[in-house]
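Take a look at the letters that make up each chain.
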Amino acid sequence: MSQGRHSGLRPGLLLSRLALVLACVFLLLPILIVIPLSFGDQRYLAFPQNGPSLRHYQALTVDPWLGSILQSLSIAATVALVSTLLAAMFVTGIWLRRRFGTLLTGVVLLPIIVPQVVSAMSFYYLGAQLGLLDSFAGVAFGHLLMVLPYSVITLLVAYNRIDPAMFRAARSLGASVGRAVYDILLPNLRLGLASSFFMAFLMSWDEVVVTLFISGLDVITLPKRIWDGLRYSLDPAIASVSTTMVALTLIVMVARLILAERTERARRLDPDD
Amino acid sequence: MASPTSETLKIWVFLILPLPVLVVLGYVVPTAGVLGWSFTLPEPGVQNYAAVLEAQRLQTVIWRTLRICLLTTVISVGLAYLIAYRWRFATPRGRQLIELVVLVSFWLSMLIRAFAWLVLLRGDGVINQTLLWLGLIEAPLPLVRNEFGAVLGMVHFMVPFAVLPMLNSFREVDDRVLNAARSLGATPGQVLRDIFFPLTLPGMAAASGIVFIFSLGSFVTPALLGGGRAVMLAEYIYLQMFQLSNWGMGATLAIVLMAMVVVTALIFGRLFGFKNIVGGLK
């Protein structure tokens, strides 16, 4: 252990370890409480009293929850796809032509420090001018602008790992720019593209502030429905929806980790890489 | 093969420009529109900004926002320091475990957190019930739908945001420097105070800047856990827009909030260098 000769029963060390455990429990407490609640067997929100039950999950298989789940899924999938595509085009472009790259990247990343509520105000203004309030297109557009900078960061990181010599070699052997991008860059970007998609998907799936401003009666995403449920009463369906969302997040995280590990292994095995 | 210039043109038009153009159209133009609203609604003039400087209620909201953000930053950066410190000296497996906890928490939806805290903290919630049952208290404690609940929820949200940028600067602390101090007779406390702490200060500063800036715009957590008793600027904007239909004041406060974020970013950039702050994000 790196504590060297001071490791052992030092009280300070014990105390800081105990504090670490408490901090981790604090961070995970919401998950630990939500999962058992979701299996409650009473009509109201309560821990299981006569054994676990799936009744609160049944509520998710019918409207209004089902409609919101489907709406959120379709918005998140659209946003993740378009965001990854646009970010990939941009990052590929500035990788090929570096002039103004830093400046343009700065412009594209700047929205990160804009508070969500300020972005929401801007999109509300835009939606009001264009008549896009409370529509699929309007909400998806708002989400898209919120997640784009994160797709760009993810892909910038992915591009950092690509050796420009590979691309130059393909070009000097006669490949057109398009062909070299398709055959050389894209295969090496797979992990970055997948990460960008997952991240954008989760962020849109979870987005609530912008949605509250620009949606109304027609578009009620899952987070908006949860928000309504939390404001007025504690609907037990929120527990099952939360557990489902946690499970989905974990699945996406694990899928990304597995993909990253596989890519890393392929990289190590392939001596030409 | 196309000539180099037409190729460059194609790359600019089809690959590079769509995104910056979209950001300008989607952000810059409507933000200018919001700025316009702040000077024209309900009637042309600067009366909205005059109200920000004078009206007691607005001053209360702005000071409360700053107070809650400061408190949140201090507590969550402190907790994050502890986690990052233990991470720095953990075994590889211990490190993985800590990273997993932080990442799971990082991706946890704000709404799920708020829901869980409401269940835990409300009058007949898990914590009050337990304390009553143990006989430690006689009446339920007011733990939520007040400023305490809002700060607790915000700290919970911000800890991962503080931990992640700190890990880099903690990783870079050289073991040999620490060992040199120890072999010269420094106590563990002295190593922490005189060697480790100064070396990790830039990472901590970056984390503080990030947490404070993100806290300024907090909306969901204080709105749900503050229960109307801890209304911060963002929630106040929402109320102006959708309960009072006072678009001019909503727009004005959005501009004020943006200005507060920019000023904070500039101060932190001045004090600690933009490179450190941005580098901390990677």
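Residues numbered from 1 in each chain as written. Chains lettered and ligands numbered in written order. Predicted model: local features only at pLDDT ≥ 70, side-chain atom pairs only at ≥ 80, totals over all residues.

**Considering the overall build of chain B**
Part 1 of the reasoning: The number of helices and strands found in chain B is 14 helices and zero strands.
Part 2 of the reasoning: Going residue by residue from the N terminus, the α and β elements of chain B occur as α-α-α-α-α-α-α-α-α-α-α-α-α-α.
Part 3 of the reasoning: Buried residues in chain B amount to 44% of all 282 residues.
Part 4 of the reasoning: Here the analysis covers contacts within chain B between residues at least 6 apart in sequence; of these, 75% occur between residues at least 24 apart. (Helix = DSSP H or I, 4+ residues; strand = E, 2+ residues; numbered from the N terminus. Buried ≥ 20, exposed ≤ 12 C-beta atoms within 10 Å, placed from the backbone. Contact = placed C-beta atoms within 7 Å.)

**A word on the overall build of chain A**
Part 1 of the reasoning: A tally of regular secondary structure across chain A gives eleven helices and zero strands.
Part 2 of the reasoning: Along chain A, helices and strands appear, N-terminal first, in the series α-α-α-α-α-α-α-α-α-α-α.
Part 3 of the reasoning: A compact globule built from 273 residues would reach a C-alpha radius of gyration of about 19 Å, whereas chain A, at 23 Å, exceeds it by more than 25%.
Part 4 of the reasoning: The principal-axis extent of the C-alpha atoms belonging to chain A is close to 70 × 70 × 30 Å.
Part 5 of the reasoning: Evaluated residue by residue, chain A yields a buried proportion of 41% over its 273 residues.
Part 6 of the reasoning: Within chain A, counting contacts between residues at least 6 apart in sequence, those at least 24 apart form 72% of the total. (Rg over C-alpha atoms; globule rule 2.2 N^0.38 Å.)

**Some thoughts on the domain arrangement of chain B**
One widely used convention gives an interface's size as the accessible area the parts lose upon coming together.
Residues and elements named next belong to chain B.
Part 1 of the reasoning: With domains assigned, chain B is organised as domain 1 (1-40) and domain 2 (55-281).
Part 2 of the reasoning: Contact residues are listed per partner, giving four residues for domain 1 and six residues for domain 2.
Part 3 of the reasoning: Across the side of domain 1 that touches domain 2, the residue classes tally to three nonpolar, one polar and no charged. (Domains from an automatic or database assignment. Nonpolar A, V, L, I, M, F, W, Y, C, P; charged D, E, K, R; others polar.)

**Some thoughts on the domain arrangement of chain A**
All names here are of chain A.
Part 1 of the reasoning: On domain assignment, one finds that chain A holds domain 1 (7-55) and domain 2 (63-269).
Part 2 of the reasoning: Look at where the C-alpha atoms of domain 1 and domain 2 centre, and you get two points 31 Å apart.
Part 3 of the reasoning: Taken together, the eight residues of domain 1 in the interface contact seven residues of domain 2.
Part 4 of the reasoning: The class makeup of the residues in the side of domain 1 that touches domain 2 is six nonpolar, two polar and no charged.

**Description of helix α10 (residues 188-216) of chain B**
Part 1 of the reasoning: If you check α10(B), its first and last C-alpha atoms are just 37 Å apart, much less than what 29 residues at 1.5 Å a residue would give, namely 42 Å.
Part 2 of the reasoning: When the local axis directions of α10(B) are compared, the greatest deviation, roughly 50 degrees, occurs at F197(B), which is followed within four positions by the proline P198(B). (Expected span 1.5 Å × (residues − 1). Bend = angle between axes of the 7 residues up to and from the residue.)

**As for the interface of chain B and chain A**
Part 1 of the reasoning: Tallying the contact residues gives 66 residues for chain B and 65 residues for chain A.
Part 2 of the reasoning: The residue inventory of the side of chain B that touches chain A, partitioned by class, reads 49 nonpolar, twelve polar and five charged.

**Description of the confidence of the model for chain B**
Residue and element names in this part refer to chain B.
Part 1 of the reasoning: Looking at chain B, the pLDDT average stands at 90 and 95% of residues meet or exceed 70.
Part 2 of the reasoning: Taken element by element, chain B is modelled with least confidence in helix α14 (residues 274-281), mean pLDDT 52, and with most confidence in helix α4 (residues 56-88), mean pLDDT 95.
Part 3 of the reasoning: Quick note on the complex model: pTM equals 0.89, ipTM equals 0.88. (pLDDT = per-residue confidence, 0-100.)

**Digging into the environment of F268(B)**
All names here are of chain B.
Part 1 of the reasoning: By the element assignment, F268 lies in helix α13 (residues 247-272).
Part 2 of the reasoning: In this structure F268 comes out as buried when scored by C-beta crowding, with 20 C-beta atoms within 10 Å.
Part 3 of the reasoning: Measuring from C-alpha to C-alpha, the distance between F268 and A205 comes to 7.9 Å, with 63 residues separating the pair along the chain.

**Regarding the confidence of the model for chain A**
Part 1 of the reasoning: Considering every residue of chain A, the mean pLDDT works out to 87; 95% of them sit at 70 or more.
Part 2 of the reasoning: Confidence drops under a pLDDT of 50 for residues 1-8 of chain A, and excluding neighbours within four residues, the segment shows nine contacts in the predicted structure.

**Here we look at the environment of G125(B)**
Residue and element names in this part refer to chain B.
Part 1 of the reasoning: Of note, G125 is situated in the loop between α6 (110-121) and α7 (126-133).
Part 2 of the reasoning: What makes G125 partly exposed here is the crowd of 19 C-beta atoms within 10 Å.
Part 3 of the reasoning: Each C-alpha atom, one on G125 and one on F212, is 30 Å from the other, the two residues being 87 residues apart in sequence.
Part 4 of the reasoning: Not counting residues up to four positions away in its chain, the partners in contact with G125 are V119 and L120.

**Quick word on the nonpolar core**
Part 1 of the reasoning: Among the nonpolar cores identified, the biggest contains 152 residues, and V117(A), M121(A) and A254(B) are the most heavily contacted of them.
Part 2 of the reasoning: A total of 15 residues in this core trace back to one element, the largest contributor, which is helix α8 (residues 147-171) of chain B. (Core = buried A, V, L, I, M, F, W, Y, C linked by C-beta atoms within 7 Å.)

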